[in-house]
Amino acid sequence: MKRVFKSFKYVFLGLALLFLYIPIIYLIVFSFNDFGTGRHVSYTNIGTWNGFTLRNFLTLFKGEAGDALLLTLEIAAVSSIVATIIGTAAAIGINAMKKRTRTAILNVSQLPMVNPDLVTGITFMMLFAFVNTMLINMGLKHFQIGGFVKLLIAHISFSIPYVIFSVLPRLRQSSDMLYEAAIDLGCSPIQALFKAVIPDIMPGITSGFIMALTMSLDDFVVSYFVGDKSVLSVYIYSSFRTSGVNPAIATVLFVPLVALLLFVNLRSLAKEREYEIQSKKVNLKDKGGITK
Amino acid sequence: MKRKVFAYPYIVWMILFIVVPMFFIFYYAVNVGGQFTLTKFWSTLTDVKNNWLVLWNSIVIALKTTAICLIIAYPIAYILSNMKKSVAGFISLLFFVPMWMNFILRTYSWYAILEYFIPGLIGKPEVSFTGTEFSVLLVLVYDFLPFMILPLYNTLSKIDKSLIEASRDLGANPVKTFFRVVLPLSVPGIVSGITMVFVPAITTFTVPFIIGNGVFTLYGSKIDEAFHQATGVVGDYAVGSTLSIILVICVLISTLIMNYFDKDKESGGQVL
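These numbers come from a predicted model, not from an experiment. (Residues numbered from 1 in each chain as written. Chains lettered and ligands numbered in written order. Predicted model: local features only at pLDDT ≥ 70, side-chain atom pairs only at ≥ 80, totals over all residues. Heavy atoms only, no water.)

### Things to note about the overall build of chain A
Cut-off, in case you're wondering: Each helix is a run of H or I in the DSSP string that is no shorter than four residues. Each strand is a run of E no shorter than two, and both are numbered from the N terminus. Atoms counted for the radius of gyration: C-alpha only. Globule rule: 2.2 Å times residue count to the power 0.38. Only protein chains enter the accessibility calculation, which uses a 1.4 Å probe; a residue is then buried when its area is under 20% of its type maximum, exposed when over 50%, and partly exposed in between. Whether two residues are in contact is decided by their heavy atoms, any of which lying within 4.5 Å being enough. Surface accessibility follows the Shrake-Rupley procedure with a 1.4 Å probe radius. Residue values consider only the protein chains on display as shielding. Asp and Glu are treated as the negative residues and Lys and Arg as the positive ones, with His and the ends of the chain left uncounted. Charge coordinates come from a single atom per side chain, which is NZ of Lys, CZ of Arg, CG of Asp or CD of Glu.
Each helix and strand counted, chain A has 11 helices and zero strands in total. In terms of overall size, chain A is more extended than a compact globule, its C-alpha atoms giving a radius of gyration of 25 Å where 292 residues would be expected to give roughly 19 Å. Within chain A, buried positions represent 45% of all 292 residues. Once local pairs closer than 6 in sequence are excluded, the contacts in chain A between residues at least 24 apart make up 69%. Carbon and sulfur atoms provide 66% of the accessible area of chain A, an area that totals close to 15700 Å². Of the charged side chains in chain A, 26 are positive and 16 negative, and the gap between their average positions amounts to 8 Å.

### Side note on the domain arrangement of chain A
All names here are of chain A. Condition: Either an automatic procedure or a domain database provided the assignment from which the domain bounds are taken. Once two parts are put together, the accessible area they lose, assessed with a 1.4 Å probe and summed over both, is termed the buried area. Within this document, salt bridges are pairs made up of a side-chain nitrogen of Lys or Arg and a carboxyl oxygen of Asp or Glu, the two lying within 4 Å of each other. In protein, a polar contact requires one atom able to donate a hydrogen and another able to accept it; more generally it is a pair of N or O atoms within 3.5 Å, and residues adjacent in sequence count only if both atoms are side-chain atoms.
Assigned domains of chain A: these are domain 1 (1-34 + 45-60 + 247-274) and domain 2 (62-245). With eight residues of domain 1 in contact, the opposing surface of domain 2 contributes 10 residues. Of the roughly 880 Å² buried at the junction of domain 1 and domain 2 (both faces included), carbon and sulfur atoms supply 79%. The largest contributions to the domain 1 side of the interface with domain 2 come from Leu60, Ile249 and Leu253, which together make up 49% of the buried area. Between domain 1 and domain 2 we count zero salt bridges in total. Summed over the shared surface of domain 1 and domain 2, the number is zero residue pairs in polar contact (both at pLDDT 80 or more).

### Brief notes about the layout of surface pockets
What counts here: Think of a 1 Å grid over the protein atoms and nothing else: a 1.4 Å probe that fits but is trapped marks a cavity, an open set flanked by protein within 12 Å on at least five of seven lines marks a pocket, and residues with an atom within 4 Å of a point count as lining. Grid points are joined across faces, edges and corners, and a volume is the space filled by probe spheres set on the points. In this count, Pro and Cys sit with the nonpolar residues alongside Ala, Val, Leu, Ile, Met, Phe, Trp and Tyr, while Asp, Glu, Lys and Arg are called charged and the others, Gly among them, polar.
Here the second largest pocket is characterised by a volume of approximately 990 Å³. The wall of the second largest pocket is formed by 23 residues, among which Phe5 and Lys9 of chain A together with Tyr78, Asn82 and Pro174 of chain B lie closest to the centre. Considered class by class, the residues forming the lining of the second largest pocket number 15 nonpolar, two polar and six charged.

### A few points about the side chain of Asn33 of chain A
Structurally, the position occupied by Asn33 of chain A is in the loop between helix H1 (2-30) and helix H2 (55-58). Once residues lying within four places of it in the same chain are set aside, the contact partners of Asn33 of chain A are Asn45, Thr48, Trp49, Asn50, Gly51, Thr53 and Asn56 of chain A.

### Re the interface of chain B and chain A
Taken together, the contacts link 70 residues of chain B with 79 residues of chain A. Roughly 7400 Å² of surface becomes buried between chain B and chain A when both sides are summed, with 80% attributable to carbon and sulfur atoms. Joining chain B to chain A, the criterion identifies zero salt bridges. Counting the contacts that link chain B with chain A gives nine residue pairs in polar contact (both at pLDDT 80 or more). Residue contributions to the side of chain B that touches chain A peak at 15 residues, all from helix H1 (residues 8-29) of chain B. Its residues assigned to classes, the side of chain B that touches chain A comprises 57 nonpolar, nine polar and four charged.

### Side note on the packing of helix H8 (residues 174-185) of chain B against helix H9 (residues 187-203) of chain B
All names here are of chain B. Just so we agree on the cut-off: Note on definitions: angles span 0 to 180 degrees between N-to-C directions of axes, and those axes are lines fitted to C-alpha atoms, for helices only across the stretch in contact. Roughly parallel covers angles under 35 degrees, roughly antiparallel covers those over 145, roughly perpendicular covers 65 to 115, and oblique covers all other angles.
Where H8 contacts H9, the axes come no closer than 4 Å and their chain directions differ by 50 degrees. The orientation of H8 relative to H9 falls into the category oblique. In this structure, H8 contributes Leu183, Pro184 and Leu185 to the contact, and H9 contributes Val187, Pro188 and Ile190. For the contact of H8 with H9, the class distribution of residues is six nonpolar, no polar and no charged.

### Let's talk about the nonpolar core
Rules: Among buried residues, the Ala, Val, Leu, Ile, Met, Phe, Trp, Tyr and Cys ones that are joined through side-chain atoms within 4.5 Å form a nonpolar core.
Membership of the largest hydrophobic core comes to 165 residues, with the highest contact counts inside it found for Ile164, Phe220 and Phe225 of chain A together with Tyr10, Phe95 and Ile211 of chain B. Counting residues domain by domain, this core receives three or more from each of domain 1 (1-34 + 45-60 + 247-274) and domain 2 (62-245) of chain A. For Phe220 of chain A, the residues in contact, after removing those within four places along its chain, are Ser233, Val234 and Tyr237 of chain A together with Phe103, Ile104, Phe205 and Thr206 of chain B.

### Section: the packing of helix H7 (residues 161-169) of chain B against H8 of chain B
Residue and element names in this part refer to chain B. Stated precisely, the cut-off is as follows: In this scheme, a crossing is called left-handed if the near helix is turned counterclockwise away from the far one by less than a right angle; it is called right-handed if the turn is clockwise.
Packing of H7 against H8 brings their axes to within 10 Å, and their N-to-C directions diverge by 145 degrees. Every pair of crossing elements has a handedness; the one defined by H7 and H8 is right-handed. Within the contact between the two elements, H7 uses Leu163, Ile164, Ser167 and Arg168 and H8 uses Pro174, Thr177, Val181, Val182 and Leu185. Classifying every residue of the contact of H7 with H8 gives six nonpolar, two polar and one charged.

### Details of the side chain of Ser79 of chain A
All names here are of chain A. Along the polypeptide, Ser79 turns up in helix H3 (residues 63-95). On the basis of relative accessible area, Ser79 is assigned to the buried category, the value being 0%. For Ser79, the contacting residues outside a window of four places in its chain are Leu152, His155, Ile156 and Ser216.

### Overview of the environment of Gln191 of chain A
All names here are of chain A. Mapped onto the elements of the fold, Gln191 is located in helix H8 (residues 189-218). The class for Gln191 is partly exposed, based on a relative accessible area of 36%. Along the backbone, Gln191 and Ser233 are 42 residues apart, and their C-alpha atoms lie at a distance of 41 Å. Residues contacting Gln191, with those up to four places away along its chain left out, are Gly186 and Ala196.

### Some thoughts on the pattern of salt bridges
Counted by the stated rule, this structure contains two salt bridges over all chains. In this structure, the salt-bridge partner of Asp34 of chain A is Arg55 of chain A, at a minimum N-O distance of 3.1 Å. Linking Asp34 of chain A in the loop between H1 and H2 with Arg55 of chain A in helix H2, this pair joins segments that are 21 residues apart in sequence. For Arg55 of chain A, a relative accessible area of 30% corresponds to the partly exposed category. In this structure, Lys64 of chain B engages Glu133 of chain B in a salt bridge whose closest nitrogen and oxygen atoms are separated by 2.7 Å. Pair noted here: Lys64 of chain B is in helix H3 (residues 48-81) and Glu133 of chain B is in helix H6 (residues 133-158), with a separation of 69 residues, a long-range link. According to the relative accessible area criterion, Lys64 of chain B is partly exposed, its value standing at 34%. With relative accessibility at 31%, the residue Glu133 of chain B sits in the partly exposed group.

### A look at the state of the cysteines
Residues and elements named next belong to chain B. The condition is simple: Two cysteine sulfurs form what is called a disulfide whenever their separation falls within 2.5 Å.
Under the criterion given, the structure shown has zero disulfides over all chains. Free of any disulfide, Cys69 has its nearest neighbouring cysteine sulfur in Cys250, separated by 20 Å. Residue Cys69 is classed as buried on the basis of its relative accessible area, which comes to 0%.

### Points about helix H10 (residues 232-239) of chain A
Within H10 of chain A, seven of the eight residues are buried, leaving the element largely enclosed by the surrounding structure. Along H10 of chain A, the residues classified as buried are Leu232, Ser233, Val234, Tyr235, Ile236, Tyr237 and Ser239 of chain A.

### Digging into H8 of chain A
This is how the line gets drawn: A helix is expected to span 1.5 Å for every residue after the first. Bend is the name given here to the angle between axes fitted to two runs of seven residues, the run ending at a residue and the run starting at it.
Compared with the 44 Å implied by 1.5 Å per residue over 30 residues, the 36 Å span of H8 of chain A between its first and last C-alpha is markedly short. Its maximal kink placed at Met202 of chain A, H8 of chain A deviates by approximately 65 degrees, while the proline Pro203 of chain A follows within four residues.

Here you go:
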């Protein structure tokens with residue numbers, strides 16, 4: 001009876017995982033499907049297998065899809081780096097504030113995380129529309145906010161809170177004295193920051209950066225409302241019924257990301273194990289000292 | 001120089017791009033073509049047949065999605081939390097990796113499967129499995145399941161195993177132990193899981209558009225329509241803004257309700 005229950009558990013987990021991976025495996029398999037040649041390759045017959053080819057990967061960067069893919073990667077890279085810098089600095093500053101200011105700022109920072117993305121997207125769309133109309137009315141037509149900058153501002157804004165909330169816990173764990181000690185020992189504030197504080201909170205910064213990258217790559221709703229330019233998800237949304245979507249996009253985006261994720265996870269696992277072994281050694285030494 | 005200074009760039013950014021934009025919803029709801037007017041605001045608010053009915057339908061769909069997610073996710077999280085830590089860590093990672101593919105791509109994949117693959121498989125290419133409530137629910141559950149598993153797993157794995165042993169030692173059978181000890185202690189996880197699924201499920205407009213084939217309108221699609229039919233014309237933001245205000249209020253209410261339940265149970269747990 002117990003054995004039956006135990007195997008049932010694994011079957012259940014297996015089925016759930018299968019459910020989650022079906023569409024991913026489907027796209028990756030069909031990214032090797034032959035969709036025919038010619039000027040207008042149609043990806044709409046993504047239900048029938050016509051034979052193996054690598055052609056989809058070669059045509060990936062051409063045309064609208066290629067532009068969208070590049071724009072997505074550019075926005076993701078720039079916005080996550082900027083968000084990590086602003087967010088980390090903010091977390092360091094917030095951590096040094098008095099409790100009341102800190103709570104107020106953190107509460108406002110949670111807004112983009114709690115708000116439905118639909119609302120976030122709409123508010124950005126309105127902000128940019130308002131500013132651009134104002135600029136036109138003032139005769140400053142050339143200073144209008146462009147499509148790329150709009151997307152960048154929006155992506156940075158919704159990413160920063162995730163960086164702050166992954167750096168802050170690390171800061172709380174690390175000692176408050178670290179910064180002051182560095183200053184006392186003759187560092188300038190910037191030096192103290194880079195030589196003492198930041199190395200100590202690096203794991204938090206890394207996970208914040210990865211969060212920001214993920215949020216940016218995964219975003220559809222905000223980009224859809226903000227952009228005059230199509231990022232990948234917006235491109236898929238607008239063209240999946242007419243010309244279909246080259247499934248190679250999925251493979252190209254997913255495989256490197258998973259590799260990165262596994263790499264970071266394995267590295268942190270290895271580090272933790274190292275730390276455990278070291279602390280065990282220290283413990284043994286301490287105990288040895290007591291018995292002596 | 002004090003460390004506080006490092007937060008100043010962010011505070012400026014926050015005010016400009018988080019706080020200020022929020023006011024534009026209210027500004028554009030009562031402002032048509034640069035002039036203050038309540039007509040559009042009021043006509044949207046009183047359009048029961050179009051707006052409130054769709055909102056009600058969306059809430060029902062969102063509730064169904066949340067319930068199905070909870071029913072599937074709880075056993076998964078429970079099984080994971082009882083596994084050896086190293087194994088559980090790896091398997092739980094497997095559950096969250098799919099979130100790394102853009103969700104439009106995943107939804108598109110379901111579209112391909114339901115529209116082309118399954119009909120081809122059963123030899124009836126003219127049949128389509130999209131455009132039904134079942135298909136929309138299926139994909140919504142698919143999209144939001146990891147968001148339910150994550151908080152549940154976090155809470156369940158933090159429960160002190162000695163409490164369960166104590167309950168068994170004191171004579172409760174496994175079923176009773178589950179309902180009297182594990183379930184009450186996992187309420188915070190359930191609550192945050194529900195909020196993480198329910199709120200995005202109300203506002204989604206991509207899944208009804210892609211999977212629902214346009215036959216299936218939810219509240220998010222309604223807002224999208226309001227804004228995108230009015231391309232470029234600032235004055236027509238009014239309808240969309242008003243609909244958004246209603247949405248924000250709904251989200252606020254559901255968050256407050258969830259907070260209430262959360263606090264209630266927490267104090268109850270302390271008495272125990």
